[in-house]
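# What the coordinates show
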Amino acid sequence: MTRRDSDNSKAIGAFLAAKAEIDSMLARLTALSDDHFETHPDEIHWGHVGTLNHYRDRLREISDAAFKEGEYAE
């Protein structure tokens, strides 16, 4: 095995570990969203709206970077 093979193997392992962590976070977020972020419609207030807007903004930044949209557009 050459040094390049070894370095690439480590990169692949790190990539797959990061991907697995992202997949886990996405699954947890999907489950939380399916549960309406643990809120009952009668209990929703502007604080919930602010929290969801914060989550949305952070996710939009990630999505824009991944798809080269918004401020990341080429």
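See the structure shown above.
### Side note on the overall build of the protein chain
Along the backbone of the protein chain there are two helices and zero strands. Relative to a compact globule of 74 residues, whose C-alpha radius of gyration would be 11 Å, the protein chain shows 18 Å and is clearly more extended. Dimensions along the principal axes, computed over C-alpha positions, put the protein chain at roughly 65 × 30 × 15 Å. The centroid of the 9 positive side-chain charges in the protein chain is displaced by 10 Å from the centroid of its 15 negative side-chain charges.

### Concerning the packing of aromatic side chains
Summed over all chains, the structure comprises one aromatic pair. Seen in terms of ring centroids, F37 and Y55 are 6.1 Å apart; in terms of plane orientation they differ by 40°. Their pairing is tilted. Here Y55 lies in helix α2 (residues 46-67) and F37 lies in the loop between α1 (3-34) and α2, a separation of 18 residues in the sequence. Given a relative accessible area of 27%, F37 falls into the partly exposed group.

### A closer look at the pattern of salt bridges
Within this structure, the stated rule accounts for two salt bridges. A salt bridge links D23 to K19, with the shortest nitrogen-to-oxygen separation between them at 2.6 Å. Placement of both D23 and K19 in helix α1 is noted, with a separation of four residues, approximately one turn of the helix. A relative accessible area of 40% means that K19 is categorised as partly exposed. Residues R56 and D57 are paired through a salt bridge, measuring 3.0 Å at the closest nitrogen-oxygen approach.

### Considering a nonpolar patch on the surface
A cluster of nonpolar side chains, I22, M25, L26, L29, L52, Y55, L59 and I62, forms an exposed patch at the surface whose accessible area comes to about 720 Å². Mapped onto the fold, M25 is located in helix α1. Judged by relative accessible area, which is 43%, M25 ranks as partly exposed.

### Regarding the side chain of T39
Structurally, T39 is set in the loop between α1 and α2. Separated by 2.6 Å, the side chain of T39 and the backbone oxygen of H36 make a polar contact. Residues contacting T39, with those up to four places away along its chain left out, are I44 and H48.

Parameters at a glance
Residues numbered from 1 in each chain as written. Predicted model: local features only at pLDDT ≥ 70, side-chain atom pairs only at ≥ 80, totals over all residues. Heavy atoms only, no water. Helix = DSSP H or I, 4+ residues; strand = E, 2+ residues; numbered from the N terminus. Rg over C-alpha atoms; globule rule 2.2 N^0.38 Å. Lys, Arg positive; Asp, Glu negative; His and termini not counted. Charge placed at Lys NZ, Arg CZ, Asp CG, Glu CD. Phe/Tyr/Trp six-rings, centres within 6.5 Å; stacked < 30°, edge-to-face > 60°. Buried < 20%, exposed > 50% of the residue type's maximum accessible area, 1.4 Å probe, protein only. Salt bridge = Lys/Arg side-chain N within 4 Å of Asp/Glu carboxyl O. Patch = residues over 30% accessible without salt bridge, like charges linked within 9 Å, V, L, I, M, F, W, Y side chains within 5 Å. Areas by Shrake-Rupley, 256 points an atom, 1.4 Å probe, with all protein chains shown as cover. Polar contact = N/O pair within 3.5 Å; in protein donor to acceptor, adjacent residues only side chain to side chain. Contact = heavy atoms within 4.5 Å.

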